[in-house]
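Chain by chain, the residues:
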Amino acid sequence: MNQLFPENPNKVEEILIKDGELRLYPNLFSPEESKVFFIQLKDKIKWKQEKIKIHGKTIPVPRLTAWFGDAGKTYMYSGITVEPESWTPTLLKIKSKIEEVSNVTFNSVLLNFYRNERDSVSWHSDDEPELGKNPIIGSVSFGDVRTFQLKHKTDKTSKINKDLPDGSYLEMAGSTQHHWLHQIPKRTRKIGPRINLTFRIIQKI
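Right, let's walk through the structure included here.

The rules we used
Starting afresh in each chain, residues are numbered from 1 along the sequence in its written order. Restriction of local features to residues with pLDDT of at least 70 applies here, the model being predicted, together with a cutoff of 80 or more for giving and counting side-chain atom pairs; totals for whole chains, interfaces and linings are based on all residues. Each side-chain value is derived from all of the structure's non-hydrogen atoms; neither hydrogens nor water enter the calculation. Per the convention used, a helix needs a DSSP run of H or I reaching at least four residues, while a strand needs a run of E reaching at least two, with both numbered from the N terminus. Working rule for helices: expected span equals 1.5 Å times residues minus one. Any two residues whose heavy atoms approach within 4.5 Å are treated as being in contact. Cavity and pocket criteria rest on a 1 Å grid covering protein atoms alone: a 1.4 Å probe that fits but cannot get out defines a cavity, protein on both sides within 12 Å along at least 5 of 7 lines defines an open pocket, and an atom within 4 Å of a point defines a lining residue. Grid points are joined across faces, edges and corners, and a volume is the space filled by probe spheres set on the points. Polarity classes work like this: nonpolar for Ala, Val, Leu, Ile, Met, Phe, Trp, Tyr, Cys and Pro, charged for Asp, Glu, Lys and Arg, and polar for all others, with Gly in that last group. Three labels apply to residues, based on accessible area from a 1.4 Å probe with only protein chains included: buried if under 20% of the type maximum, exposed if over 50%, partly exposed otherwise in between. Note that the arc is defined by the directions from the helix axis to the C-beta atoms. Any Lys or Arg side-chain nitrogen located within 4 Å of an Asp or Glu carboxyl oxygen qualifies as a salt bridge. Think of it this way: DSSP has to see at least two bridges between two strands before they count as a pair. Structural elements are reduced to axes, namely lines fitted to C-alpha atoms, with helices fitted over the stretch in contact, and the angle between N-to-C directions of any two is expressed from 0 to 180 degrees.

### Notes on helix H1 (residues 31-44)
An ideal rise of 1.5 Å per residue puts 20 Å on 14 residues; H1 measures up with 20 Å between its terminal C-alpha atoms. Looking at the buried side of H1, the elements it contacts are helix H2 (89-102), strand E8 (108-114), strand E10 (137-143) and strand E15 (194-200).

Structure, rendered in structure tokens:
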């Protein structure tokens, strides 16, 4: 990139999908910002490895997580209930920047630390009742590129693979969570660490 003429951070790619809305800001955060934020999050967040039950068996979640937000914004997903930690200065800076382009105010964020290519998140929708009817999910990525996969719940021909680069911001809105599943799959080739922040609006306390 030409440092005298950097790419427009507000450049947006409208990803056309049926039954939903997807927007990708591939370089909302500069490489310098992304590097600083990645280090701060990796070193200062108290990461946890939660456990979930599948077919009666308790197994560790294949990534590290943390939950931050406004007071009282409890969240339940995959049978896990989390109470929010208080916002950090770093998280507030990131939140402020994505709110400028999304024109919404997020009140919580789920952090995911994918340590390597074996860490993952399986097919799911962010459709918990406390997120409301048509939730807006703001997904920020720092670190190595991972492929974000989506598939339509009823139209088996509708599938999307999208690489999410360092410093990118993906917004899922409209009826996306009603009609689509998404995942970050495991890979066999070596991939370095990635931190993903999915900002949300909890509507029920």
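More follows now that the structure is in view.
### So, empty space enclosed by the protein
Here the idea is plain: a probe the size of a water molecule rolls over the atoms and shows the empty space left. The final tally for this structure, using the stated rule, is 1 cavity of 30 Å³ or more. Along its surface, the largest cavity is lined by Val145, Arg146, Thr147, Asp163, Arg187, Arg189 and Ile191. For the lining of the largest cavity, a count of residues per class yields 2 nonpolar, 1 polar and 4 charged.

### Side note on H2
The first and last C-alpha atoms of H2 sit 20 Å apart over 14 residues, in line with the 20 Å expected at 1.5 Å per residue. Buried residues of H2: Thr90, Leu91, Ile94, Lys95, Ile98, Glu99 and Ser102, and no others. Taken around the axis of H2, the buried residues stretch over an arc of 160°, which confines them to a single face. More than 90 degrees from the buried face of H2, the exposed residues found are Pro89, Lys93 and Glu100. One or two positions beyond H2, positive phi appears at Asn103, with a value near 60°.

### Observations concerning unusual backbone geometry
Even without being a glycine, Asp19 presents a positive backbone phi close to 60°. Inspection of the secondary structure puts Asp19 in the loop between strand E1 (13-15) and strand E2 (21-25). On the accessibility criterion, Asp19 (32% relative accessible area) is partly exposed. Phi is positive for Asn103, close to 60°, though the residue is something other than glycine. Of note, Asn103 is situated in the loop between H2 and E8. Judged by relative accessible area, which is 70%, Asn103 ranks as exposed.

### Looking at the pattern of salt bridges
In total, this model carries 11 salt bridges according to the counting rule given. The salt bridge partner of Arg23 is Glu171, with a shortest N-O separation of 2.6 Å. Of this pair, Arg23 sits in strand E2 while Glu171 is found in strand E13 (residues 168-173), placing the two residues 148 residues apart along the sequence. Residues joined by salt bridges that share partners form a network here, namely Glu14, Glu21, Arg23 and Glu171.

### Section: the sheet that holds E2
By definition, the strands of a sheet pair up through backbone hydrogen bonds, in either a parallel or an antiparallel sense. Here we have 7 strands laid out as an open sheet, ordered E1-E2-E13-E10-E15-E8-E5, and antiparallel in their pairing. The strands lining the two open edges of the sheet, one partner per strand, are E1 and strand E5 (64-69). Neighbour-to-neighbour, the strand axes of the sheet open up by a mean angle of 20°, direction not taken into account. As paired strands, E5 and E8 are joined by 6 bridges and run antiparallel to one another. When the bridges of E8 are listed, Leu64 appears paired with Phe113. Sheet contacts for H2: E2, E5, E8, E10, E13 and E15; angle to E15, the most-contacted strand, approximately 60°.

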